[in-house]
Amino acid sequence: MLKIAIAGLGNVGGSVVRLLQQQRDLLRNRTGKRLAIVGVTALDKGKKRSCDLTDINWVQNPLDLAATDADVVVELIGGASGVAYDLVKAALEAGKHVVTANKALIAEHGVKFAALAEDRGVSLMFEAAVAGGIPVIKTLRESLAGNHVQSVQGILNGTCNYILSSMWDRGLDLEAALKEAQDKGYAEANPSADIDGVDTANKLAILSALAFGTVPNTSNMTLEGIRRIVPTDLAFADDLKCRVKLLGSAHGDASGIVQRVGPCLVPLSSPLSQVSGAMNAVMMRGDFVGDVLLYGQGAGGPATASAVVADLVDVARGNKTPPFGQSAEKMQKPSVKASDSSRYYIRLQVADQPGVVAAIAGVLRDESISIEAIIQRGNEVAGSVPLVIMTHRSPAVAIRRVMTKLLQLKEIAEPPCLMPIEE
Ligand code: HSE
């Protein structure tokens, strides 16, 4: 028997309980063990839930789970600090396996906890922390173990993808689409984590760690969310045969890695452009395997529970892998590669008057950035008109300087919207 204690009975926790109950026989056949829930805890015992907790021991204080006779503690509380942190630490110190869906915790403290798990000879598993039901952690850590991974890129936040899809397909504004995503149970407790890109950043940091053997790090990423995207951008993107997607991408080689989170123009020829609604997808490239693409539900209770239970099955089978695919002490501090470059889309709201394009072109010329196309459509509304510039491939550092200089032009009515155009 594998004795399981679960902390957190929200969307995901409730689904984990249901899955373990509903698929009891299947799991026993596949592991040779009974997967038994020996304790649960959540903030509110009286809350109406979709799972049956009859006959399951309710523990008032989550930290007490670390002192039960459970073999494995499942942490579904969330957050990089507080109770989630204390519980994972206490459970590992007590020699219990830990399964968690907590991307913030793994992105911030994953290596330290991996070292602790290795020291105690237990597993620390976090398949559910990235891209919900998609088995991307196992793929990078195990299936691609024979490759130098060159890049990882994905749509990692279901809420943002749902919002961008709804804005394009149904003409919803960001608030209405976010409200729908929240009602469907995709969004984080604090929606800023979704729409400002923080959730994607945490997930990308974990994927980079697995891909490149580096300590997860969000502070060396360029990070932007989707607040600046307006329907006009989606229409311009369509004209350019692209869709707007919030992507997390990391690529690297011996000279270092580049990690970027932000909205991008993705050509319709790329499979990532076809990923809509709350779905997620991750593309990986390895030096021997070539391209690998995974697609599936990146959020929501049942899909995320599927990933949590996959980790529990590994624990039940006695499969043990270092949490990041190599010993925690071998994880390197990532060195940042300086030479990131891309083609760019820049949308400016400008006064519709002579000399504006010349002034903007001067800023680009001064940074040696070559213009591929300029599009101005429609008439002035509320004193400004959208002007879109597409650049040839340009260094990211130069584009950032351009953004700062453009803001200083009196003809520019609001901060520009900048998006790389994916190849
Ligand atoms: N808020 C996240 C998303 C949930 O929308 O993808 C899964 O991490």
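Here is what the cut-offs are and how they apply
Residues numbered from 1 in each chain as written. Predicted model: local features only at pLDDT ≥ 70, side-chain atom pairs only at ≥ 80, totals over all residues. Heavy atoms only, no water. Near = heavy atom within 4 Å. Polar contact = N/O pair within 3.5 Å; in protein donor to acceptor, adjacent residues only side chain to side chain. Areas by Shrake-Rupley, 256 points an atom, 1.4 Å probe, with all protein chains shown as cover. 1 Å grid on protein atoms, 1.4 Å probe; cavity = no way out; pocket = protein on both sides within 12 Å on 5 of 7 lines; lining within 4 Å. Sits in = over half its atoms within 2 Å of the grid points. Helix = DSSP H or I, 4+ residues; strand = E, 2+ residues; numbered from the N terminus. Contact = heavy atoms within 4.5 Å. Pairing = 2+ DSSP bridges. Buried < 20%, exposed > 50% of the residue type's maximum accessible area, 1.4 Å probe, protein only. Domains from an automatic or database assignment. Buried area = accessible area lost by both parts, 1.4 Å probe. Salt bridge = Lys/Arg side-chain N within 4 Å of Asp/Glu carboxyl O.

A. Representation of the site of the ligand within the structure. Near the ligand, the surroundings consist of 13 residues, among which K103, G158, T159, E188 and D194 are the closest. Within the backbone of G158, one N or O atom sits 2.7 Å away from an oxygen atom of the ligand. A distance of 2.7 Å separates a nitrogen atom of the ligand from a polar side-chain atom of E188. Here the ligand loses 92% of its free accessible area of 260 Å² to cover by the protein chains. For the ligand, the cavity whose grid points lie within 2 Å of the majority of its atoms is the largest pocket.

B. Focus on the environment of S151. Relative to the helices and strands, S151 is located in strand β6 (residues 149-155). Taking the C-alpha atoms as reference points, S151 and A201, 50 residues apart in sequence, are found 15 Å from one another. Sequence-distant contacts of S151, defined by excluding residues within four places in its chain, comprise F212, A250, H251, M283, M284 and R285.

C. Structural detail: the sheet that holds strand β5 (residues 124-125). Across the sheet, which stays open at both edges, the five strands sit in the order β2-β1-β3-β4-β5 with parallel pairing between neighbours. Of all strands in the sheet, those bounded by a partner on one side alone are β2 (35-41) and β5. Relative to β5, strand β4 (residues 97-100) is paired through two bridges, and the arrangement is parallel. Across the sheet, the residue bridging to V99 is M125, located in β5.

D. Quick peek at the side chain of H97. Of note, H97 is situated in strand β4. Classification of H97 as buried rests on a relative accessible area of 18%. From its side chain, H97 meets the backbone nitrogen of S123 in a polar contact 2.9 Å long. With near-sequence residues (within four places) excluded, H97 lies in contact with D71, V72, V73, V122, S123 and V315.

E. Focus on the domain arrangement of the protein. What the domain assignment lists for the protein is domain 1 (2-133 + 305-330), domain 2 (136-297) and domain 3 (341-421). If you average the C-alpha positions of domain 2 and of domain 3, the two centres end up 25 Å apart. Contact residues are listed per partner, giving 16 residues for domain 2 and 15 residues for domain 3. For the pair domain 2 and domain 3, the summed buried area comes to about 1400 Å², and 66% of that belongs to carbon and sulfur atoms. Together, R228, F236 and L265 form the three largest contributors to the area buried by domain 2 at its contact with domain 3, with a combined 43%. Where domain 2 meets domain 3, there are one salt bridge.

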